[in-house]
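The lines below spell out each chain.
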Amino acid sequence: MDEIIVQAKGITKYFPGVLANNHIDFELKKGEIHTLLGENGAGKSTLMNILDGIYHPDEGEIYIKGKKVHIQNPFDAMANSIGMIHQHFMLVDTLTVLENVALGLKSQGLYIDKKEISKQIETISKKYHFNINPYSKIWQLSVGEQQRVEIIKTLFRKAEILILDEPTAVLTPQESEDLFKILNQLLKEGKSIIFISHKLDEVMEISDRITVLRKGKVVGTVHKKDVTKGYLAKMMVGREVLFSLERKPLKRRGEVLKVKELEAYNDKGFKALKKISFSVFGGEIFGIAGISGNGQKILAQTITGLRRATRGKTILNDADITNASPKVIANKGVNYIPPDRLKVGLIPNLDTTENAILRSYDREPITKRNFIDHQKAAEYAKSLIRKFNIMVPRIDAPVKLLSGGNMQKLLLAREIAERPKLLIAVHPTRGLDVGATEFIRKQLLKERDNGLAVLLISEDLDEILMVSDRIGVIYEGQIMKVINIEDAERNKIGLLMAGVNSPKN
Amino acid sequence: MLLFEKRETVSTKLKAAIPLVSVFLGLVTGAIAILFTRTNPIIVYQALVKGAFGSVYTFSETLVAAIPLILISAGLIVAFRMNFWNIGAYGQYIIGAIFGSFFALNMPATMSRPLLLTIICLAGFLGGALWGLIPAALKAFWEVNEVITTLLLNYVALYILKYLMYGPWRNPESHGFPLSKPFELNAQLPRLLPRTRIHFGIILGIIAVIIVYIIIKKTKFGYEIRVIGENKRAARYAGINITKNIFIAMAISGGLAGLAGLAQLSGVIHMLQIEINPGYGYTAIVVAWLASLNPIIAMLISVAFGGLEAGGYQIQMAIRVPFGIVGTIESAVLFFLLGGEILKKYRIKLRRNIL
Ligand SMILES: Nc1ncnc2c1ncn2[C@@H]1O[C@H](COP(=O)(O)OP(=O)(O)O)[C@@H](O)[C@H]1O
Ligand SMILES: [Mg+2]
């Protein structure tokens, strides 16, 4: 039972300016579930991508079942029975499950034996209760189902060693439980699993052993039974961590945002918001909890004018802003932290200054008579950097070189500096490490105390519970229920997120 | 075995090296082509340099060839910064030349020269701008890919020119040749130096470069097109009017190409004909990219490419190496430049296959 199936010795990997993996030793025993724990940027994905042949180590050796191997690409990894489920799925949206499974199969030539593959997919699907139709298109599947397709892909290729890179980041608590059941069944069949996460609760639930990474180095490997959550947190962050935030009592002011029976369609042409109604008041954080893909993103886009409402109204301080242009809405005092920092909120290749002025570039003092005053712009950027303590390599470095936490600080600083009446924040801490997460949440609370109305949309239920004053649970484009924080129970919200309860406002 | 690894950042050294290496490899490719003509490439290149920069006269010819490149590349830089792939400077150049010619050919020979020149320059700019606005509108309203529209409009422009030259605008005294009447003196841009063909277009070019530089570096519009070019979704998020900016950028881009076409007629050719060198519209694309979309560097590179062309004529006459070598070198440079884009996205490592 104690056979070592994967052994990595002294793995070192440099990226320009970063030592992502620094002489890492790691081993996986047959039949165990070994968790890699670490903050964002600790080097977990890098190490696993090396095992999967996507990156190549600058130093170090890898042994599979005692034999030294050189994994050049994912085909080699597969040949060594390694299958990886990436943080970002590697699926082609417009193809079917079957076609995705068949993609890149070496045994298949020009002709694909669909019947045979479909039969095998169904066998796997039945065995693990996946409930996946081989002929569904990927885009028709929920995120949880897509993840199961990824698992099918690896099992189809006869993987013995499964690597799951932050698989629960995209799942609801219930879906996570289902995934853990699947993992346990896989273990029983003799598979070995590397599980990556930075969520301590689930790490304590599922792991046999835990290896903690910090800044590219191994802090230590421990048996789960020997440690506590607090101990792991300290290993991971390098200091004591608070699991809750101090909150001042609620001082609620007047209604700032009123959303009335709002409807909108998503890019696929389906109705994503169905007569959704709620209000946000000054001085409170209204949290929207829900599984991704239930209309959260569409809601934020519709309020901020980036998407057309086909019905209903959004009213800001008694003014109708339904379907006004994004600029008008922003000028009226709605600021927005979008879910994808690098795709929407920031311009990755432009520098800190150019990103800092995105909201204010067209007014004085930065612009006078159509000319941009670069000195004023730089001063403005520096003031944001100082106020939020943003770490930049150089002020003229492209923002894509900032760490996720610092990018998000820049984005938040820019939006708050506009002195909005309503701040919409979507997944404001997604992918951030503990320190940056704490900072962002504290800032949201501080603005709330100053009387700002905050609409917080997040998939992280802990976050919602930690900072919100009221919680609306969204399911299939409707608010299932609005709950005051004093009455909020985790389990009940979890069920509402899964659509259990008759919809009512 | 070659290993490809995605990379996030590109060092400034690599960024500077890619154009230099591309030019070098372009010259090597040219050398190989020259070998096929059974000539020594070193001798040809020496003759090329001498033919471009060897005497006051040859250098003046280099500058004459550089003028359209300077004007067009300055305009292309505005569009390219917005990620709008204007491949249509060729057509915009032709339409600009036609618009300008209309006034040059129809206004009385007695009209004051500065006034007529102002009119034809404006008309040239306007013609190119209008031709550039067609793909701009198609893109802004219906998301039609501008690479295709700008490219196809080049052919449309060429056939309009052919129609005019074989039809209504042909000079009855040209013995059937597709030529217009010659421009009167008041429609000719002044020559700046005696015994050379350097004309006032070079001043227009320098002014255009300065204006474009100021526009892209100092103005709100320059910032907005940068944001649109880098991240359209961020632009929409910030409330930038994308449609308006596409229109303005393409009016400038097409307008300068049109002005270049007109300046070539009014400054060098002095009549409308079928061959008015619209190929500068393609060469300017290479110039703009080699300059990393900096208009001042583009002006210097235009002179180098002007030299390539002037020198090309010289080697054809002096050592009978075909002028096509120049086109070979230019396209090879573009080819290597585009290849260099891969280096910006991937780190490539050589490794012996040990498995
Ligand atoms: N392709 C890459 N190019 C440059 N830097 C990278 C690349 N991939 C990861 N990094 C850097 O390496 C470090 C470790 O990243 P990663 O392994 O993704 O961390 P984790 O998965 O633990 O969050 C980070 O600082 C990250 O910015
Ligand atoms: Mg990762």
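Residues numbered from 1 in each chain as written. Chains lettered and ligands numbered in written order. Predicted model: local features only at pLDDT ≥ 70, side-chain atom pairs only at ≥ 80, totals over all residues. Heavy atoms only, no water.

Asker: In this structure, what is going on with the domain arrangement of chain A? I would like to understand it.
Answerer: Accessible area lost on assembly of the parts is the figure often given for the size of an interface. Residues and elements named next belong to chain A. According to the domain assignment, chain A contains domain 1 (4-237), domain 2 (252-333 + 421-505) and domain 3 (344-419). One C-alpha centre belongs to domain 2, the other to domain 3; they are set 26 Å apart. With 13 residues of domain 2 in contact, the opposing surface of domain 3 contributes 12 residues. Here domain 2 packs against domain 3, burying approximately 970 Å² in sum over the two surfaces, 72% of which is carbon and sulfur. Here D362 ties to K327 by a salt bridge, and the two come within 2.8 Å at their closest N and O atoms. One can count two residue pairs in polar contact (both at pLDDT 80 or more) joining domain 2 with domain 3. The set of elements that each furnish at least two residues to the side of domain 2 that touches domain 3 consists of α10 (326-331) and α15 (434-449). (Domains from an automatic or database assignment. Contact = heavy atoms within 4.5 Å. Buried area = accessible area lost by both parts, 1.4 Å probe. Salt bridge = Lys/Arg side-chain N within 4 Å of Asp/Glu carboxyl O. Polar contact = N/O pair within 3.5 Å; in protein donor to acceptor, adjacent residues only side chain to side chain. Helix = DSSP H or I, 4+ residues; strand = E, 2+ residues; numbered from the N terminus.)

Asker: What's the story with the environment of N406(A) in this structure? I'm lost.
Answerer: All names here are of chain A. Tracing the chain through its elements places N406 in helix α14 (residues 404-417). Take N406: its relative accessible area is 10%, and that puts it in the buried class. Sequence separation between N406 and R363 is 43 residues, and the spatial gap between their C-alpha atoms is 26 Å. Beyond its immediate sequence surroundings of up to four residues, N406 is in contact with N389, I390 and M391. (Buried < 20%, exposed > 50% of the residue type's maximum accessible area, 1.4 Å probe, protein only.)

Asker: Which parts of the structure should I look at to understand the site of ligand 1?
Answerer: With respect to spatial proximity, 14 residues lie near ligand 1, and among them G41(A), G43(A), K44(A), S45(A) and T46(A) are the closest. Per-site note: the chains with residues close to ligand 1 are chains A and B. A42(A) places a polar main-chain atom, nitrogen or oxygen, 3.3 Å from an oxygen atom of ligand 1. A distance of 2.9 Å is found between an oxygen atom of ligand 1 and a backbone nitrogen or oxygen belonging to G43(A). Burial of ligand 1 by the surrounding chains reaches 76%, relative to a free accessible area of 560 Å². For the shell around ligand 1, the secondary structure elements donating two or more residues are β2 (18-29) and α1 (44-51) of chain A. Considering every element that reaches the shell around ligand 1, the biggest residue donor is α1(A), with three residues. The residue inventory of the shell around ligand 1, partitioned by class, reads five nonpolar, five polar and four charged. (Near = heavy atom within 4 Å. Areas by Shrake-Rupley, 256 points an atom, 1.4 Å probe, with all protein chains shown as cover. Nonpolar A, V, L, I, M, F, W, Y, C, P; charged D, E, K, R; others polar.)

Asker: I tried to follow the interface of chain A and chain B on my own but got confused; where do I start?
Answerer: With 41 residues of chain A in contact, the opposing surface of chain B contributes 30 residues. Summing both partners gives a buried area of about 3100 Å² for chain A against chain B, and 57% of it is carried by carbon and sulfur. Three residues, H56(A), Q72(A) and Y361(A), lead the burial of chain A against chain B; their summed loss comes to 18% of the area buried on that side. Between the two partners, chain A and chain B, sit two salt bridges. A salt bridge links R233(B) to D340(A), with the shortest nitrogen-to-oxygen separation between them at 3.9 Å. Joining chain A to chain B, the criterion identifies 13 residue pairs in polar contact (both at pLDDT 80 or more). When residues of the side of chain A that touches chain B are traced back to their parent elements, those giving at least two are α10, α11 (341-345), β18 (371-372) and α14 of chain A. Per-element accounting of the side of chain A that touches chain B gives the leading share, four residues, to α11(A).

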